[in-house]
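# Descriptive structure summary
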Amino acid sequence: MARYARGRTALTSLAVLAATVGVLPGAHAAHAAQAAPAVPAAPVAPVAAGAAVADPVPTTGRGIDFAGGLLHTVEQAPNGEHYITQRQVAADASAVAGPSYMSYAGHYAEGAHLKSVPCDAGSCVRMAGAGNGRYGVLAVSGDGTESLQIWLSKDSLQTDEFRSSNLELVDLTGSYHVLNGGSPATQYVDGRLNYRSSDVRIARSVRAAAIWGTRLWSASSTPGALTVLDIVQKKVVETVATGAPCVIREVRAVGRWVYWNCGPSGAAGVWDRTAKKSIAVPSGHALVGDGYLVRHDRTAGKLMLTDFHTGAAAAPRAVADLPAGNTADQRRLTWAVDKFGGDLAYLDAAHAAHVVPSGVPTRPLEKISADQDDMYLDVKDTTGGQVWSSAWQLSKPANWTFTVKDGAGRTVRTMKGGGSTEAAVVWDGRTDTGAHVYSGTHTWSLTATASEGSGTYVTKGTIGVSGGRQGFHDQGYASYGDLVTLNSNGTLTQHFGQQGGVFSGKSSGAGWLAGSVAIPFADTGSDRCAELLVRMPSGELRRYSGRCGRAYTPSSSHASLGTGWQQYDVMTSTGDLNGDGRPDLVTRKKSTGDVYFHAGAAGGKFAARLKIGSALGKYARMTGVGDITGDGKADLLAHDRNGGLWRYNGLGTGRFAGRALVASDWGRSYNVVVGVGDITGDGRPDLVERDTSGRLFRNNGNGKGAFGSRTQIATGWHVYKGIF
């Protein structure tokens with residue numbers, strides 16, 4: 001899995017936040033990873049939306065932000081320290097949960113603190129929620145330089161290497177942000193992605209800018225003009241003439257709507273991306289929601305909401321009382337708007353928080369951006385790639401379901417989540433029962449449904465899994481069945497099956513003696529590499545450690561399972577025949593035709609043989625086929641000398657039921673019949689045969705104990721002395 005590891009960004013673990021209660025701020029060192037006073041774990045009851053959120057201790061630090069259903073405030077905790085707190089607000093604004101204390105907002109011994117600005121409470125911290133649970137703040141070090149902190153959770157943050165004394169966080173949406181600062185003043189556009197490694201940093205002159213998804217809306221030097229930059233591609237993809245009578249001073253983007261103004265007292269409008277026109281709206285310091293904007297009318301002492309979701313601006317209406325105060329621009333200081341399908345919030349004169357429903361219907365749910373992992377997953381990767389991690393940011397809170405299906409279309413894993421605007425998925429390559437999935441191509445789908453309002457977002461893709469469990473007769477790196485051949489030159493070759501029912505790619509090892517017999521087996525250990533049994537011409541049986549597709553030579557790592565195995569003219573793996581979770585072996589004694597069951601035992605060995613059939617020498621060929629009936633029990637096929645194909649259904653006890661005819665007068669010209677496992681990708685074991693002219697055929701299993709008509713898949717296989 002690709003990992004974000006640019007030098008500019010440091011991910012800091014703050015598990016040390018659980019420090020001893022009562023430590024004074026002056027005792028802390030001045031850096032981001034230092035310990036902050038722990039918050040007493042006193043329970044706080046949820047409160048109803050619209051009611052005041054209790055602020056038990058008067059504080060001088062203030063600030064509020066609202067994004068993705070998460071309300072952030074700066075307040076004093078019961079231990080007397082200042083923290084940024086987070087509260088989950090219901091999608092319909094019907095309830096607000098109690099606070100979770102996130103990051104420390106007090107002063108450290110050497111003067112480090114969060115940057116604050118003057119406000120009516122004295123000083124306030126401006127925060128910017130990303131809509132996916134993250135939030136950004138500016139931090140001031142002990143020497144007065146400033147930096148951007150993006151908090152991922154209460155225990156981790158990302159810091160930017162850029163330092164200045166006059167930073168301004170212009171916008172933060174999802175994984176991308178716009179930051180102004182430096183001398184001369186410069187605007188930086190950058191991304192903080194968990195799972196991608198692309199470098200998106202852009203440095204340019206300062207201008208009005210806003211982000212929605214991966215699109216950066218910017219004012220140009222032409223009056224009324226906006227450009228749209230694809231941040232990932234670093235390419236302008238659209239130019240808009242809004243009709244604004246000025247070089248635009250401020251931009252805010254929310255889905256269909258792009259707000260612009262010519263300054264606090266100048267003309268203002270909202271560009272309707274669907275109707276391709278601007279809607280005139282009142283001037284003033286405004287924040288934009290989904291289909292509406294809110295501004296602070298200081299003369300009236302009201303928060304005024306203008307609804308434009310229909311494509312025309314309705315008359316402004318008062319939604320809350322908020323006195324004029326002494327601070328002209330109180331956005332994200334005393335009031336805020338959740339642009340991610342949410343409502344608005346404000347702090348009253350007593351510094352208590354209120355949530356106010358907007359009353360404006362939201363647009364249908366849509367994806368804002370995706371931070372998606374690669375199309376493969378190696379569950380054996382010890383470098384940190386044992387999980388598939390992806391995240392999708394949505395336009396408003398949603399409930400989602402993530403489903404993984406195997407190559408046969410069977411659901412192997414289902415995960416659910418909800419309550420936020422982000423669907424974050426971490427899949428470890430295991431099934432719902434905790435077992436590893438089989439290696440091979442899997443399909444995934446994500447379905448997200450809006451928690452409030454309408455809309456469903458669906459996306460899907462594929463993941464190639466390696467290092468998982470291997471399928472029946474599988475020697476390679478996917479769950480498709482494979483063939484092993486031996487030629488007259490002593491080369492043992494693995495031919496890898498692939499979806500579509502053919503063989504593509506091979507791996508060969510030389511030095512094998514004529515008369516060697518290979519038996520593709522299964523993993524008897526825990527490395528999820530299927531092993532190979534080889535009977536040497538001397539009669540010794542060896543178990544070669546699985547190589548997951550790499551070639552075998554006689555000297556490859558192996559263990560001897562004894563001698564005398566030349567007495568058998570049939571040696572075939574059936575899979576797990578007795579239901580104990582270990583692979584087993586079936587043999588037939590050449591001199592008598594008697595059939596034996598060799599149960600797999602600990603350490604990759606076999607228990608003493610058990611006779612399960614007598615005088616079965618009438619069959620020219622016998623082959624284990626795995627479960628071909630769909631009952632979960634391993635089965636056996638036998639091909640008689642008159643062309644009859646017979647099935648012996650496994651009983652799950654190490655024995656078989658009486659034979660059943662599968663086909664008569666079948667394949668009289670075949671000199672090889674192999675139960676190859678699934679090579680079509682439909683989850684059903686198939687058969688492969690070679691005829692006397694060297695042609696190779698496949699018969700697709702139907703999952704009910706029978707097979708379809710044959711399909712020729714290769715020629716020239718007469719060169720192989722053995723096909724296993």
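Here's what I pulled together on the structure shown here. (Residues numbered from 1 in each chain as written. Predicted model: local features only at pLDDT ≥ 70, side-chain atom pairs only at ≥ 80, totals over all residues. Heavy atoms only, no water.)

### With respect to the state of the cysteines
Note the following rule: Put simply, a disulfide is two cysteine sulfurs that come within 2.5 Å. Burial status follows relative accessibility: with a 1.4 Å probe on protein chains alone, a residue under 20% of its type maximum counts as buried, one over 50% as exposed, and anything between as partly exposed. Put simply, DSSP H or I for four residues or longer makes a helix, DSSP E for two residues or longer makes a strand, and each gets a number counted from the N terminus.
Tallying each qualifying case throughout the model produces 3 disulfides. Between Cys119 and Cys124 runs a disulfide, and the two sulfur atoms are separated by 2.0 Å. Judged by the sign of its S-S torsion, about 80 degrees, the cystine formed by Cys119 and Cys124 is right-handed. Of the two residues, Cys119 and Cys124, both sit in the buried class. A disulfide bridge connects Cys246 with Cys262, and the sulfur atoms are separated by 1.9 Å. Here the S-S torsion is close to -90 degrees, and the disulfide linking Cys246 with Cys262 is therefore left-handed. Separated by 16 residues along the polypeptide, Cys246 in the loop between β23 (235-241) and β24 (250-254) and Cys262 in the loop between β25 (257-261) and β26 (268-272) bring together distant segments of the chain. The residues Cys246 and Cys262 share a single accessibility class, namely buried. Each bonded cysteine in the protein chain gets a number by its place in the sequence, and the pairs come out as 1-2, 3-4, 5-6.

### Looking at the nonpolar core
For clarity, the cut-off: Take the buried Ala, Val, Leu, Ile, Met, Phe, Trp, Tyr and Cys residues and link them wherever side-chain atoms come within 4.5 Å; each set so joined is a nonpolar core.
Counting 31 residues, the largest nonpolar core has Trp217, Leu226, Val251, Tyr259, Leu293 and Phe308 as its most contacted members. Elements with a minimum of two residues in this core: β20 (209-212), β21 (215-219), β22 (225-230), β24, β25, β26, β27 (277-281) and β28 (286-289). Tallying contributions element by element places β25 first for this core, with 4 residues.

### Some points on the environment of Val281
Stated formally: Any two residues whose heavy atoms approach within 4.5 Å are treated as being in contact.
Secondary-structure assignment places Val281 in strand β27. Once the C-alpha coordinates of Val281 and Ala314 are considered, the two residues, 33 residues apart in sequence, prove to be 9.0 Å apart. Ignoring any residue separated from it by four or fewer positions in sequence, one finds Val281 in contact with Tyr259, Ala268, Gly269, Val270, Leu293, Phe308 and Ala313.

### As for the sheet that holds β25
Heads up, the rule is: Paired strands are those between which DSSP finds at least two bridges. To obtain each axis, a line is fitted to C-alpha atoms, and for helices this fit is confined to the stretch in contact; angles are then taken between N-to-C directions over 0 to 180 degrees.
Here we have 4 strands laid out as an open sheet, ordered β24-β25-β26-β27, and antiparallel in their pairing. The open sheet has two edge strands, β24 and β27, and neither has a second partner. Neighbour to neighbour, the strand axes of the sheet diverge by 25 degrees on average, direction disregarded. Here 5 bridges tie β26 to β27, and the two strands are oriented antiparallel to one another. Pairing of Ala268 across the sheet is with Val281, part of β27.

### Here we look at the packing of aromatic side chains
So the rule is basically this: Each Phe, Tyr or Trp ring (for Trp, its six-membered ring) is paired with any other whose centre lies within 6.5 Å, and the angle between the two planes then decides the class: stacked below 30 degrees, edge-to-face above 60, tilted in between. Any Lys NZ or Arg CZ that is within 6 Å of a ring centre and within 35 degrees of that ring's normal is treated as a charge sitting over the ring.
For the coordinates displayed, the defined rule picks out 22 aromatic pairs. Relative to Tyr101, the ring of Tyr83 has its centre 5.9 Å away and its plane inclined at 75 degrees; by these criteria the two rings are edge-to-face. Placement of Tyr83 in strand β6 (residues 82-88) and of Tyr101 in strand β8 (residues 100-104) is noted, with a sequence separation of 18 residues between them. Among the residues examined, Tyr101 registers a relative accessible area of 15% and is labelled buried. Centre to centre, the rings of Tyr135 and Trp151 are 6.5 Å apart; their planes meet at 10 degrees, and the pair counts as stacked. You can see Tyr135 sitting in strand β13 (residues 135-140) and its partner Trp151 sitting in strand β14 (residues 146-153), a full 16 residues away along the chain. Taking the relative accessible area as the measure of exposure, Trp151 reaches 5% and is therefore buried. One aromatic cluster in this structure is built from Phe521, Trp565, Tyr568, Tyr596 and Phe606. A cation over a ring is seen here: Arg469 above Tyr438, with NZ or CZ 4.3 Å from the ring centre. Across the ring face of Phe697, the terminal group of Arg710 is positioned such that the distance to the ring centre comes to 3.9 Å.

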